[in-house]
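Report on the structure
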Amino acid sequence: MTTISPLTAGPATALLLAAGRGERMRPLTDHTPKPLLQVQGQPLLVWHLRALARAGHRHVLINTAWLEEHIPALLGRSFEGMAISYSMEGRDFGGALETAGGMARALPLLAPCFWVVAGDVFAPDFDFATPQVQAFEHSADWAHIWLVPNPAHNPNGDFGLSPTGRALQGPQAEARHTYSTIGLYRHALVSEGTAQDQGLHPGNTQGVKAPLAPLLRAAMSHDRVGASLYTGRWTDVGTPERLAQLNETPD
């Protein structure tokens, strides 16, 4: 399932999502995986890796599919003292398993509470700090997600945020924010309840493809998802134009 670094120190505490094709970024992604596109002098994935290293993480996992051999070829098995493992969905299943499917596939190597961050967003100031993890561990939540102010390409947002820090959907969510694709998760979100109904289980040996949003919404309906608003630098690098704009903006 995975290639594991000999430097691995315990289970992975973060999963970086790097499996997608990046259709809207073509032709840039015809020969380069989207998370390896350069932003202000370094690949998108490297911005996340540096932030995780600063926060003291010792082992991270990256899932791959499209042009997946490019990612371990560039990053290797360690980065600034962190071990890197790979869940290679392209090799194992012929393509990406979508977000929830990829998370379920990676569960056997992930800590009981773990970060998930999309490899195609730029959030250089985000703090993957231990106190946030500890607070999540002491909660009954299955997920805690970070929302951002709505960008121009998603003006209606995704989820609401209650005054007490709960993620909201439907009629309760009058003022919506955009899901940043950064969150803390427990195994249960992608292995129990609605996830089981979709055929997901730890290891996802059948290669079930499944999106994350329906699982989050189901958990929200049972008040199992917390949320915070993040107002630091954040960009969904979803088009060549957004990438060019980032590279024209001074750091």
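A short tour of the structure in this document, coming up. Remember, it's a predicted structure, so these values are computed and weren't measured experimentally.

Concerning the overall build of the protein
Of regular secondary structure, the protein possesses eight helices and 15 strands. A globule of 251 residues ought to have a C-alpha radius of gyration of about 18 Å, and the protein, at 17 Å, matches this closely. Oriented by its inertia axes, the alpha-carbon framework of the protein measures out at about 45 × 40 × 35 Å. In the protein, which comprises 251 residues, the proportion classed as buried is 55%. Taking the intrachain contacts of the protein between residues at least 6 apart in sequence as the baseline, contacts between residues at least 24 apart amount to 75%. Total accessible area on the protein is roughly 10,700 Å²; 53% of this is exposed by carbon and sulfur atoms. Positive and negative side-chain charges of the protein, numbering 18 and 22 respectively, have mean locations separated by a distance of 2 Å.

As for the environment of Phe-93
Summarising the element assignment, Phe-93 is placed in helix H3 (residues 89-93). A relative accessible area of 29% means that Phe-93 is categorised as partly exposed. For the pair formed by Phe-93 and Val-208, sequence separation is 115 residues and the distance between their alpha carbons is 9.4 Å.

Describing the side chain of Arg-166
Position of Arg-166 relative to the elements: it lies in the loop between strand S11 (159-161) and strand S12 (167-168). Given the relative accessible area of 18%, Arg-166 is considered buried. At a separation of 2.7 Å, a polar atom in the side chain of Arg-166 contacts the side chain of Asp-141. Once residues within four sequence positions are removed from consideration, Arg-166 is found in contact with Asp-141, Gly-160, Leu-161, Asp-223, Arg-224, Val-225, Gly-226 and Ala-227.

Digging into the layout of surface pockets
Empty space among the atoms can be located by rolling a probe the size of a water molecule over them. Roughly 960 Å³ of volume is contained in the largest pocket. In terms of lining, the largest pocket is formed by 35 residues, of which the most central are Leu-17, Thr-99, Ala-118, Asp-120 and Thr-181. When contributions to the lining of the largest pocket are tallied by element, the ones reaching two or more residues are strand S2 (12-18), helix H4 (98-106), strand S8 (110-118), strand S13 (176-186) and helix H7 (213-221). Top contributing element to the lining of the largest pocket by residue count: S13, with four residues. Looking at the lining of the largest pocket, its residues break down into 16 nonpolar, 10 polar and nine charged.

Let's talk about the pattern of salt bridges
Tallied over the full model, the rule gives 10 salt bridges. For the salt bridge of Lys-34 with Asp-120, the shortest nitrogen-to-oxygen distance reads 3.0 Å. In this pair, Lys-34 is assigned in the loop between S2 and strand S3 (38-39) and Asp-120 in the loop between S8 and strand S9 (121-122), connecting sequence segments 86 residues apart. Using a relative accessible area of 7% as the deciding quantity, one classes Lys-34 as buried. Across the pair Arg-233 and Asp-125 runs a salt bridge whose closest N-O atoms are separated by 2.9 Å. Within this pair, whereas Arg-233 is found in the loop between strand S14 (225-229) and strand S15 (235-236), its partner Asp-125 is found in the loop between S9 and helix H5 (130-137), the two being separated by 108 residues in sequence. With a relative accessible area of 41%, Asp-125 lands in the partly exposed category. Where salt bridges share partners, they join Arg-21, Arg-26 and Asp-30 into one cluster.

Digging into the packing of aromatic side chains
A full pass over the atoms with the stated rule returns eight aromatic pairs. Here the aromatic rings of Trp-47 and Phe-122 are separated by 5.1 Å at their centres, their planes lie at 90 degrees, and the arrangement is edge-to-face. Of this pair, Trp-47 sits in helix H1 (residues 44-54) while Phe-122 sits in strand S9, placing them 75 residues apart in sequence. Look at Trp-115 and Phe-126: their rings are 5.6 Å apart centre to centre, the planes differ by 85 degrees, and that puts the pair in the edge-to-face class. With Trp-115 in strand S8 and Phe-126 in the loop between S9 and H5, this residue pair connects regions lying 11 residues apart in the sequence. By the burial criterion, Trp-115 is buried, and Phe-126 matches it. An aromatic cluster of at least three residues, connected via ring pairs, comprises Trp-115, Phe-126, Phe-128, Trp-146 and Tyr-230. When the ring centre of Trp-66 is taken as reference, the NZ or CZ atom of Arg-21 above it lies at 3.9 Å. Over the aromatic face of Phe-136 sits the side chain of Arg-186, whose NZ or CZ is 4.8 Å from the ring centroid.

Cut-off values and rules
Throughout, a residue's number is its position along its own chain's written sequence, starting from 1. Only residues with pLDDT of 70 or above have their local features reported here, since the model is predicted, and side-chain atom pairs are shown and tallied only from 80 upward, although totals for entire chains, interfaces and linings are computed over all residues. Water and hydrogen atoms were dropped before computing side-chain values, which therefore reflect all heavy atoms in the structure. Each helix corresponds to a stretch of at least 4 residues labelled H or I by DSSP, and each strand to a stretch of at least 2 residues labelled E; elements are numbered beginning at the N terminus. Each radius of gyration reported is based on C-alpha atoms, and the globular scaling rule is 2.2 Å times the count of residues to the power 0.38. Burial classification: accessible surface area is computed with a 1.4 Å probe over protein chains only, and a residue below 20% of its type maximum counts as buried, one above 50% as exposed, and the rest as partly exposed. Note on definitions: a residue-residue contact is assigned when non-hydrogen atoms from the two residues lie within 4.5 Å. Note that accessible areas follow from Shrake-Rupley with a 1.4 Å probe, and for residues the cover is restricted to the protein chains shown. Positive charges come from Lys and Arg, negative ones from Asp and Glu, while His and the chain ends are left out of the count. To locate a charge, the coordinates of NZ of Lys, CZ of Arg, CG of Asp or CD of Glu are taken. Pairs of N or O atoms within 3.5 Å make up the polar contacts considered here, provided that, within protein, one atom can donate a hydrogen while the other can accept it, and that residues adjacent in sequence are counted only when both atoms are side-chain atoms. In this analysis the probe radius is 1.4 Å and the grid spacing 1 Å, with only protein atoms considered; a cavity is a set of points the probe fits into but cannot get out of, a pocket is an open set with protein on both sides within 12 Å along at least five of seven lines, and lining residues have an atom within 4 Å of a point. Grid points are joined across faces, edges and corners, and a volume is the space filled by probe spheres set on the points. Residue polarity follows a fixed list, in which Ala, Val, Leu, Ile, Met, Phe, Trp, Tyr, Cys and Pro are nonpolar, Asp, Glu, Lys and Arg are charged, and the others, Gly among them, are polar. Any Lys or Arg side-chain nitrogen located within 4 Å of an Asp or Glu carboxyl oxygen qualifies as a salt bridge. Aromatic pairs are defined between Phe, Tyr and Trp rings, using the six-membered ring for Trp, whenever the two ring centres lie within 6.5 Å; interplanar angles under 30 degrees are classed as stacked, those over 60 as edge-to-face, and all others as tilted. Any Lys NZ or Arg CZ that is within 6 Å of a ring centre and within 35 degrees of that ring's normal is treated as a charge sitting over the ring.

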